[in-house]
Amino acid sequence: MSAFPPGPAEPPVVQTLRWLLRPISFLESCRRRFGDVFSVTFLGFKTPMVMVSDPDAIRALYTVPEHHLPPGRTLALQPIVGARSLLLLEGREHLARRKLMLPPFHGARMRAYEDTVREVAARDVEGWPRGEPFAIHPRMQAITLAVILLAVFGVTDPVRRERLAERLGRLLADTASSGLQFGVLLSRRFGGPDPLARLGAQREEIDAMLSAEIAERRADPREDILSMFVTARFEDGEPMDDEEIRDQLMTLLLAGHETTATALAWTFDLLLRHPRVLERLVAEDDDAYVRAVVAEALRLRPVLPLAGRRLSRELRVDGHVLAPGTDVTPAIWLAHTRADRYPEPFAFRPERFLQSAPATYAWVPFGGGVRRCIGAAFAEMEMRVVLREVLSRVELRPATPAAERVARRNVTFSPATGTRVVAAPRASIAAHAA
Ligand code: HEM
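Residues numbered from 1 in each chain as written. Predicted model: local features only at pLDDT ≥ 70, side-chain atom pairs only at ≥ 80, totals over all residues. Heavy atoms only, no water.

## What about the overall build of the chain?
- Along the chain, the regular secondary structure elements total 19 helices and 11 strands.
- Taken over C-alpha atoms, the radius of gyration comes to 22 Å for the chain, in line with the 22 Å a tight globule of 434 residues would show.
- In terms of overall dimensions, the chain has C-alpha extents of about 70 × 55 × 40 Å along its principal axes.
- The buried share of the chain, taken over its 434 residues, is 52%.
- Put simply, 74% of the contacts in the chain that link residues at least 6 apart link residues at least 24 apart.
- Here the chain displays about 18,900 Å² of accessible surface, and carbon together with sulfur accounts for 55% of that area.
- Treating the 58 positive side-chain charges of the chain as one cloud and the 54 negative ones as another, the clouds have centres 4 Å apart. (Helix = DSSP H or I, 4+ residues; strand = E, 2+ residues; numbered from the N terminus. Rg over C-alpha atoms; globule rule 2.2 N^0.38 Å. Buried < 20%, exposed > 50% of the residue type's maximum accessible area, 1.4 Å probe, protein only. Contact = heavy atoms within 4.5 Å. Areas by Shrake-Rupley, 256 points an atom, 1.4 Å probe, with all protein chains shown as cover. Lys, Arg positive; Asp, Glu negative; His and termini not counted. Charge placed at Lys NZ, Arg CZ, Asp CG, Glu CD.)

## Describing the site of the ligand
- Taken together, 25 residues are adjacent to the ligand, and Arg 73, His 94, Arg 98, Arg 309 and Cys 373 come closest.
- Within the backbone of Ala 255, a nitrogen or oxygen atom sits 3.5 Å from a nitrogen atom of the ligand.
- Between the ligand and Arg 309 there is a distance of 3.0 Å, counted from an oxygen atom to a side-chain nitrogen or oxygen.
- Contributions of two or more residues to the shell around the ligand are made by α5 (91–101) and α13 (242–273).
- Grouping the constituent residues of the shell around the ligand by class yields 14 nonpolar, six polar and five charged. (Near = heavy atom within 4 Å. Polar contact = N/O pair within 3.5 Å; in protein donor to acceptor, adjacent residues only side chain to side chain. Nonpolar A, V, L, I, M, F, W, Y, C, P; charged D, E, K, R; others polar.)

## Thoughts on the sheet that holds strand β3 (residues 134–135)
- If you walk across this open sheet you meet the three strands as β3-β11-β8, and the pairing is antiparallel. Here the strands that pair on one side only, and so sit at the sheet edges, are β3 and β8 (394–398).
- Summarising the sheet, β3 and strand β11 (residues 420–425) pair through two bridges and their orientation is antiparallel. Paired with Phe 134 across the two strands is Val 421, which belongs to β11. (Pairing = 2+ DSSP bridges.)

## Overview of the coordination of the iron atom of the ligand
- Exactly one donor from the protein chain reaches the iron atom of the ligand: Cys 373 (SG), at 2.3 Å.
- For Cys 373, the location among the structural elements is in the loop between α17 (352–355) and α18 (376–393). (Donors = N, O, S within 2.8 Å, 3.2 Å for Na, K, Ca; no water.)

## Side note on the packing of aromatic side chains
- Tallied over the entire structure, the rule returns eight aromatic pairs.
- On the basis of an interplanar angle of 35° and a centroid distance of 5.7 Å, the ring pair of Trp 19 and Phe 42 is categorised as tilted. Separated by 23 residues along the polypeptide, Trp 19 in helix α1 (residues 12–21) and Phe 42 in the loop between β1 (37–40) and β2 (49–52) bring together distant segments of the chain. Phe 42 matches Trp 19 in its accessibility class, with the two residues each being buried.
- A ring pair is formed by Trp 19 and Phe 413, whose centres lie 5.9 Å apart and whose planes are at 50°; its orientation type is tilted. Of this pair, Trp 19 sits in helix α1 while Phe 413 sits in strand β10 (residues 412–415), placing them 394 residues apart in sequence.
- Classification of Trp 19 by relative accessible area gives buried; the value is 5%.
- Its relative accessible area of 2% is what places Phe 413 among the buried residues. (Phe/Tyr/Trp six-rings, centres within 6.5 Å; stacked < 30°, edge-to-face > 60°.)

## Some details on the sheet that holds strand β4 (residues 309–310)
- One open sheet accounts for four strands, arranged β1-β2-β7-β4; its pairing is mixed. A single partner strand is all that each edge strand has here, and the edge strands are β1 and β4.
- Pairing of β2 with strand β7 (residues 327–330), which is carried by four bridges, proceeds in the parallel orientation. Counted as the bridge partner of Met 49 is Asp 327 from β7.
- Along the sheet face, helix α2 (residues 23–34) touches β1 and β2 and points at about 125° away from the line of β1. (Axes fitted to C-alpha atoms, helices over the stretch in contact; angles between N-to-C directions.)

## Some thoughts on the side chain of Gln 141
- In this fold, Gln 141 is placed in helix α8 (residues 136–152).
- Those residues in contact with Gln 141, other than ones at most four positions away along the chain, are His 257, Glu 258, Ala 261 and Arg 409.

Next comes the structure, spelled out in structure tokens:
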């Protein structure tokens, strides 16, 4: 048996373009032709990446904490998040940071941020146009960015917040295009100027603003997550230094802002195409249903398509023996649309999660194991609160007849045209009905 499971025979440049331009049809065609396990070869990589979607294979991959980071992550992220980012460290250094950074993202500490989310969402909805189409994705980006700036960075001064939001928004937008991603891959493969170099100046300006916030929080800690980082200690009693705190703030921004906004845009897209689900969500005060809606939206429209590892030791999947050093990733969308796990896998049916919560390795929108998303509970909370807040204030209908196509934005699967909607005040609907 060859070292790699079979996969498409097209040249890497073709496989890469198919993946960047039509990811779902590329994945579906691989599933049809090769089954549960296959190898794809992307431009810029010397060896194929093995994709798996069976929950047992995903469990086998994620339950070995020693596996390494996926290839290319450091190269792509380090210019933005810095070298000591939680996203980039491995082994003991990584675990030490996780321990220090996790507490504010759980339990009562996390729930304390619900009011912040509610207020930010309410304020944003006030400014939405009424009666004419607009894209909801950018509104969700504005909301999740404001939530991070308030709850995580603790920037309460509105002028500073606006300035930071503008600079950060520009930095993230500049890193988001498929063209830039393709450029990065090309420069890695063939050399030439680094397309990421011009981000340096932007990063410096942002660093200066963040340093000022850190200094203030050191002098006067508050309730935000930055204040917790400033006062927290590693097991050896040492604090995080300022430079590292900046890296972790940028990490939380990069990992938590676009992802949550996109997940929300997808949830609205699905809800507007499924009026009965939307009606039930609006009518019911029950927390269980909104949780099920969020779980089902993350199943059917996973925002991050891959969350892989480079094997530290041999992995056996589906009759293949994958050698240490092999790159392996769950193909999250394929894992989430398996007919053996999800009857009618392509239907949007939140009810499937009312009887039972999602199974750990068959539902992996947040990855798994020692690198599972530390913001998962926070993101789900934010989604529930924003959904409730928006739907209690406006009635939404789709502005386009067809559901959104999956497009790639940065490393995410994103709605191609930003989920265009038309909003009407809820009160007028009530008056209309009366
Ligand atoms: C719906 C929204 C979100 C999705 C779909 C998502 C998804 C993911 C995934 C798949 C990973 C695992 C990457 C890997 O395997 O290496 C991850 C990691 C991470 N996420 Fe999220 N995330 C979301 C929201 C957030 C939020 C709100 C935050 C924080 C504010 C956050 C912070 C992080 C961090 C710091 C990591 C790195 C964890 C580590 O390496 O130990 N995420 N996220």
